[in-house]
Amino acid sequence: MEVALVEDQNKDAVTDDRSITNEEVEVIDSADQEITESTETDSASMEELKTENEALKAEKEEVFNRMLRIQAEYDNFKKRSQKEKEAERKYKSQDLINELLPALDNFERALQVEVTDANSSLFDGITMVYRQFQDALKSQGVEVIETEGKTFDPNLHHAVMQTEDDEFEPNIVVEELQKGYLLKDRVIRPAMVKVNK
């Protein structure tokens, strides 16, 4: 009986060993499966991270480029504003000069009157005021556009008449009908002229 008992114990032990072994095998298989799943999960999450990283890099690049464009637009705006302020200062008297040019034309017409003893003092006074007027305009940068004998320039001259004169070459200003004026480098009134064909 002892032998049978020992054999039963041995069988139980072998069975226990087999069940332990089966359990251990299942645990090892389970661990391998978890490692495989973990590796697959890690690979998947790495791919997701790489994709997310690329998306973030693209977004960063887009934001950086947008910031550069905005900075360039701001710099251009500052330069444009500065130029406008400079032009405004440079040509600040243009409106006033445009208002005064008809009065200057009338002074010139008054100076074309025949001088007699009766009106000589009046003529001298008008001449003196006219010179002061011209000096004031020159101090603001106003210049008379030269016309007679010069080549016709559509930027400076306004041709209102044409003539055929053998004494002059073609496209030469023959006569000035109304003076033109420049304010610094800007034409504020083109000269009205007669041009040779």
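See above for the structure.
Below you will find a few notes about this structure. The structure presented is a predicted model; accordingly, all values stated were derived computationally and were not measured. (Residues numbered from 1 in each chain as written. Predicted model: local features only at pLDDT ≥ 70, side-chain atom pairs only at ≥ 80, totals over all residues. Heavy atoms only, no water.)

Looking at the overall build of the protein
Helix and strand counts for the protein stand at three helices and six strands. Its helices and strands taken in sequence order, the protein reads α-α-α-β-β-β-β-β-β from the N to the C terminus. Expressed as a percentage of the 197 residues in the protein, the buried residues total 17%. Once local pairs closer than 6 in sequence are excluded, the contacts in the protein between residues at least 24 apart make up 63%. In the structure as shown, the protein presents an accessible area of about 15400 Å², 52% of it carried by carbon and sulfur atoms. (Helix = DSSP H or I, 4+ residues; strand = E, 2+ residues; numbered from the N terminus. Buried < 20%, exposed > 50% of the residue type's maximum accessible area, 1.4 Å probe, protein only. Contact = heavy atoms within 4.5 Å. Areas by Shrake-Rupley, 256 points an atom, 1.4 Å probe, with all protein chains shown as cover.)

Thoughts on the sheet that holds strand E3 (residues 173-178)
Pairing in this open sheet of three strands is mixed, and the strands run E2-E6-E3 from one edge to the other. The strands lining the two open edges of the sheet, one partner per strand, are strand E2 (157-163) and E3. Neighbouring strand axes in the sheet, compared pairwise and without regard to direction, differ in orientation by 30 degrees on average. (Pairing = 2+ DSSP bridges. Axes fitted to C-alpha atoms, helices over the stretch in contact; angles between N-to-C directions.)

Considerations on the sheet that holds strand E4 (residues 181-183)
Across a sheet, strands are paired by hydrogen bonds formed along the backbone, either parallel or antiparallel in direction. Pairing within the open sheet is antiparallel, and its three strands lie in the order E1-E4-E5. With one partner strand each, in any of the chains shown, strand E1 (142-144) and strand E5 (186-189) form the two edges of the open sheet. Averaged over all adjacent pairs, the angle separating strand axes in this sheet is 35 degrees, with direction ignored. Looking at chain direction, E1 and E4 are connected through three bridges and run antiparallel. Residue Val-144 lies in a different strand from E4, and its bridge partner there is Tyr-181. Across the face of the sheet, helix H2 (residues 94-110) comes into contact with E1, E4 and E5 while running at roughly 50 degrees to E5.

Examining the nonpolar core
Counting residues in hydrophobic clusters, the biggest one holds twelve residues: Tyr-91, Ile-97, Leu-101, Leu-104, Leu-111, Tyr-130, Phe-133, Leu-137, Val-142, Tyr-181, Leu-183 and Ile-188. Elements supplying a minimum of two residues to this core: H2, helix H3 (120-139) and E4. Excluding residues that lie within four positions of it along the chain, Leu-101 makes contacts with Tyr-181, Ile-188 and Arg-189. (Core = buried A, V, L, I, M, F, W, Y, C linked by side-chain atoms within 4.5 Å.)

Quick look at the side chain of Asn-196
Its location among the elements puts Asn-196 in strand E6 (residues 191-196). Only 2.8 Å separates the side chain of Asn-196 from the backbone oxygen of Phe-168, close enough to count as a polar contact. What Asn-196 contacts, discounting residues up to four positions off in sequence, is Thr-163, Glu-164, Asp-165, Phe-168, Glu-169, Pro-170, Asn-171, Ile-172 and Val-174. (Polar contact = N/O pair within 3.5 Å; in protein donor to acceptor, adjacent residues only side chain to side chain.)

Here we look at a nonpolar patch on the surface
Together, Phe-64, Met-67 and Leu-68 line one region of the surface with nonpolar side chains, adding up to about 280 Å² of accessible area. For Met-67, the location among the structural elements is in helix H1 (residues 2-90). Since its relative accessible area comes to 41%, Met-67 is described here as partly exposed. (Patch = residues over 30% accessible without salt bridge, like charges linked within 9 Å, V, L, I, M, F, W, Y side chains within 5 Å. Salt bridge = Lys/Arg side-chain N within 4 Å of Asp/Glu carboxyl O.)

As for H2
Here H2 spans 24 Å end to end across 17 residues, near enough to the 24 Å set by a 1.5 Å rise per residue. The largest bend in H2 comes to about 35 degrees, at Leu-100, with the proline Pro-102 one to four residues further on. Residues of H2 that are buried sit in contact with H3, E1, E3, E4 and E5. (Expected span 1.5 Å × (residues − 1). Bend = angle between axes of the 7 residues up to and from the residue.)

A few points about H3
Between its terminal C-alpha atoms H3 stretches 29 Å, which fits the 28 Å expected from 20 residues at 1.5 Å a residue. For H3, the set of buried residues is Thr-127, Tyr-130, Phe-133 and Leu-137. Down the axis, H3 shows its buried residues gathered within 125 degrees of arc, on one side only. Seen from the open side of H3, the exposed residues pointing more than 90 degrees away from its buried face are Ser-121, Met-128, Arg-131, Gln-132 and Ser-139. Buried residues along H3 sit in contact with H2 and E1. Immediately downstream of H3, the backbone of Gly-141 shows phi near 95 degrees, a positive value. (Arc of directions from axis to C-beta.)

In short, the description is geometric, and any link to function would need to be established separately.
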